[in-house]
Amino acid sequence: MFRAVFRLSNSVVRSLTRPQPCYSAPVTARCYSHGKVETDEEFDARWVTYFSKSDIDAWELKKGMNTLIGYDLVPEAKILDSALRACRRLNDLASAIRILEAVKDKSGPHKDIYPYLIQELQPTLAELGISTPEELGIDKL
């Protein structure tokens, strides 16, 4: 019996004196960006300039809209105005309607954003002869 107690106490002493590995993650501070932060006005101006290029082609238009829709925002009316004018320069009615559909989808649960944008874009839509998806009846499909 003493032998069993001696073994148990011996193993306890060994485990206490053995160095335990210490796993601690190094604390680091991460600086993800060293660049200048773009303001909202600069962002809008950059995209208006992009879509206002006179030599924009259909691929650049679609690439720009895909990038713009990929951001966590709904584009401003002046950016959409510039994109719709680029569609008109390219005679691409389908892309113009897709832009309006994408903006409606991007508005998501905020039901007041899309009507506001359509209200702001109404003069441009009338000038360019572009119908909204609602006017065409394709929003119910």
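A short tour of the structure in this document, coming up.

The rules we used
- Residues numbered from 1 in each chain as written.
- Predicted model: local features only at pLDDT ≥ 70, side-chain atom pairs only at ≥ 80, totals over all residues.
- Heavy atoms only, no water.
- Core = buried A, V, L, I, M, F, W, Y, C linked by side-chain atoms within 4.5 Å.
- Buried < 20%, exposed > 50% of the residue type's maximum accessible area, 1.4 Å probe, protein only.
- Helix = DSSP H or I, 4+ residues; strand = E, 2+ residues; numbered from the N terminus.
- Contact = heavy atoms within 4.5 Å.
- Expected span 1.5 Å × (residues − 1).
- Axes fitted to C-alpha atoms, helices over the stretch in contact; angles between N-to-C directions.
- Parallel < 35°, antiparallel > 145°, perpendicular 65-115°, else oblique.
- Nonpolar A, V, L, I, M, F, W, Y, C, P; charged D, E, K, R; others polar.

Some thoughts on the nonpolar core
Among the nonpolar cores identified, the biggest contains 25 residues, and Phe 51, Leu 84 and Leu 100 are the most heavily contacted of them. Elements with a minimum of two residues in this core: α2 (40–51), α3 (58–70), α4 (77–89), α5 (93–107) and α6 (113–128). Broken down by element, this core gets its largest block of residues, 7 residues, from α4. When residues no more than four places from it in sequence are discounted, the contact partners of Phe 51 are Ile 56, Leu 61, Gly 64, Met 65, Leu 68, Ile 79, Ser 82, Ala 83, Ala 86 and Arg 89.

A look at α4
Between its terminal C-alpha atoms α4 stretches 18 Å, which fits the 18 Å expected from 13 residues at 1.5 Å a residue. Turning to α4, its buried residues are Ala 77, Ile 79, Leu 80, Asp 81, Ser 82, Ala 83, Leu 84, Ala 86 and Cys 87. For α4, the elements touching its buried residues are α2, α3, α5 and α6. Downstream of α4 by a residue or two, Asn 91 has a phi angle that is positive, lying close to 55°.

Re the environment of Leu 121
For Leu 121, the location among the structural elements is in helix α6. Using a relative accessible area of 2% as the deciding quantity, one classes Leu 121 as buried. Put simply, Leu 121 and Ala 77 are 44 residues apart on the chain and 6.6 Å apart in space, counted from C-alpha to C-alpha.

Digging into the packing of α3 against α5
At a closest axis distance of 11 Å, the pairing of α3 and α5 adopts a crossing angle of 5°. Compared by their axis directions, α3 and α5 come out roughly parallel. Each of Leu 61, Lys 62, Met 65 and Ile 69 in α3 lies in contact with α5, whose residues at this interface are Ser 95, Ile 99, Ala 102 and Lys 106. Broken down by class, the residue content of the contact of α3 with α5 amounts to 5 nonpolar, 1 polar and 2 charged.

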